[in-house]
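# Architecture at a glance
Below are the chains, spelled out letter by letter.
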Amino acid sequence: MTSPSVASAGEIRSRLEADFKHRVTLFYRSLQITPPYHSVEKAMLSLRDTLKNLPETELRAAAADPAPLEALFAHVFIESGLAKKSRGIITKLLADRPDLPAPECRPFAEAFRHQ
């Protein structure tokens, strides 16, 4: 019997980067607005740097538990400036239809409600 393979830190980072990009894309798609591509790329670079600086135990914990992962993604979303782009229209859309974003995108929506 073989033991299950354990993902390397690099594989976890790649998976989390892909997950973040998917969630950001889904967020803007659910709002039916074009994402600010330059800012999304900036956020991706910020996430990459953040993930590289995380101790491996924290990286694995974030990958395994939705709460720290959502907190990490929300932090990157805010710190990269994405929460300031198209702020007026997004705030209005979310006020009119708070259920619009998919559940995995709610941390991004919260960034617009609390700034």
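In what follows, the structure referred to is the one given above.
The shown structure was predicted, so the numbers you read here are calculated from the model rather than taken from an experiment. (Residues numbered from 1 in each chain as written. Predicted model: local features only at pLDDT ≥ 70, side-chain atom pairs only at ≥ 80, totals over all residues. Heavy atoms only, no water.)

With that settled, consider the overall build of the protein. Regarding its fold elements, the protein presents six helices and zero strands. Secondary structure elements of the protein, listed N to C terminal, follow the sequence α-α-α-α-α-α. The principal-axis extents of the C-alpha atoms in the protein amount to approximately 55 × 25 × 20 Å. Burial analysis of the protein (115 residues in total) assigns 39% to the buried set. A total of about 6,800 Å² of accessible surface is found on the protein, and carbon and sulfur atoms cover 56% of it. Looking at charge distribution, the protein has the averaged site of its 16 positive side-chain charges lying 6 Å from that of its 14 negative ones. (Helix = DSSP H or I, 4+ residues; strand = E, 2+ residues; numbered from the N terminus. Buried < 20%, exposed > 50% of the residue type's maximum accessible area, 1.4 Å probe, protein only. Areas by Shrake-Rupley, 256 points an atom, 1.4 Å probe, with all protein chains shown as cover. Lys, Arg positive; Asp, Glu negative; His and termini not counted. Charge placed at Lys NZ, Arg CZ, Asp CG, Glu CD.)

This brings us to the packing of helix 1 (residues 9-31) against helix 5 (residues 87-96). Between two packed helices, the angle of one axis relative to the other and the distance separating the axes together describe the packing. In the contact formed by helix 1 and helix 5, the axes pass within 11 Å of each other and the chain directions differ by 70°. The angle between the axes of helix 1 and helix 5 places the two elements in the roughly perpendicular class. Residue-level inspection shows Phe-27, Tyr-28 and Leu-31 of helix 1 in contact with helix 5, the latter providing Ile-90, Leu-93 and Leu-94. Of the residues assigned to the contact of helix 1 with helix 5, the class counts are six nonpolar, no polar and no charged. (Axes fitted to C-alpha atoms, helices over the stretch in contact; angles between N-to-C directions. Parallel < 35°, antiparallel > 145°, perpendicular 65-115°, else oblique. Contact = heavy atoms within 4.5 Å. Nonpolar A, V, L, I, M, F, W, Y, C, P; charged D, E, K, R; others polar.)

Summarising the element assignment, Ser-80 is placed in the loop between helix 4 (66-79) and helix 5. Within the structure, Ser-80 has its side chain in polar contact with the backbone oxygen of Val-76 (distance 2.9 Å). A distance of 3.2 Å separates the side chain of Ser-80 from the backbone oxygen of Phe-77, its partner in a polar contact. Setting aside anything within four residues of it in sequence, one finds Ser-80 in contact with Lys-42 and Ala-43. (Polar contact = N/O pair within 3.5 Å; in protein donor to acceptor, adjacent residues only side chain to side chain.)

A separate point is unusual backbone geometry. With a phi angle near 60°, Gln-32 is a residue other than glycine that sits in the positive phi range. Among the structural elements, Gln-32 can be located in the loop between helix 1 and helix 2 (37-53). A positive phi angle, near 55°, is found at Ser-86, a position not held by glycine. Using a relative accessible area of 37% as the deciding quantity, one classes Ser-86 as partly exposed.

Here the focus is the nonpolar core. One finds Phe-20, Val-24, Phe-27, Tyr-28, Phe-77, Ile-90 and Phe-108 to be the most contacted residues of the largest nonpolar core, which totals 33 residues. Elements that contribute at least two residues to this core include exactly helix 1, helix 2, helix 4, helix 5 and helix 6 (106-113). Looking at this core, the element that brings in the most residues is helix 1, giving nine residues. What Ile-90 contacts, discounting residues up to four positions off in sequence, is Phe-27, Tyr-28, Leu-31, Ile-33, Lys-85 and Phe-112. (Core = buried A, V, L, I, M, F, W, Y, C linked by side-chain atoms within 4.5 Å.)

Below, the discussion takes up the side chain of Arg-23. Mapped onto the secondary structure, Arg-23 falls in helix 1. Among the polar contacts listed, one links the side chain of Arg-23 to the backbone oxygen of Glu-104, at a separation of 3.5 Å. The residues touching Arg-23, leaving out its near neighbours within four places in the chain, are Leu-69, Glu-70, Phe-73, Glu-104, Cys-105 and Phe-108.

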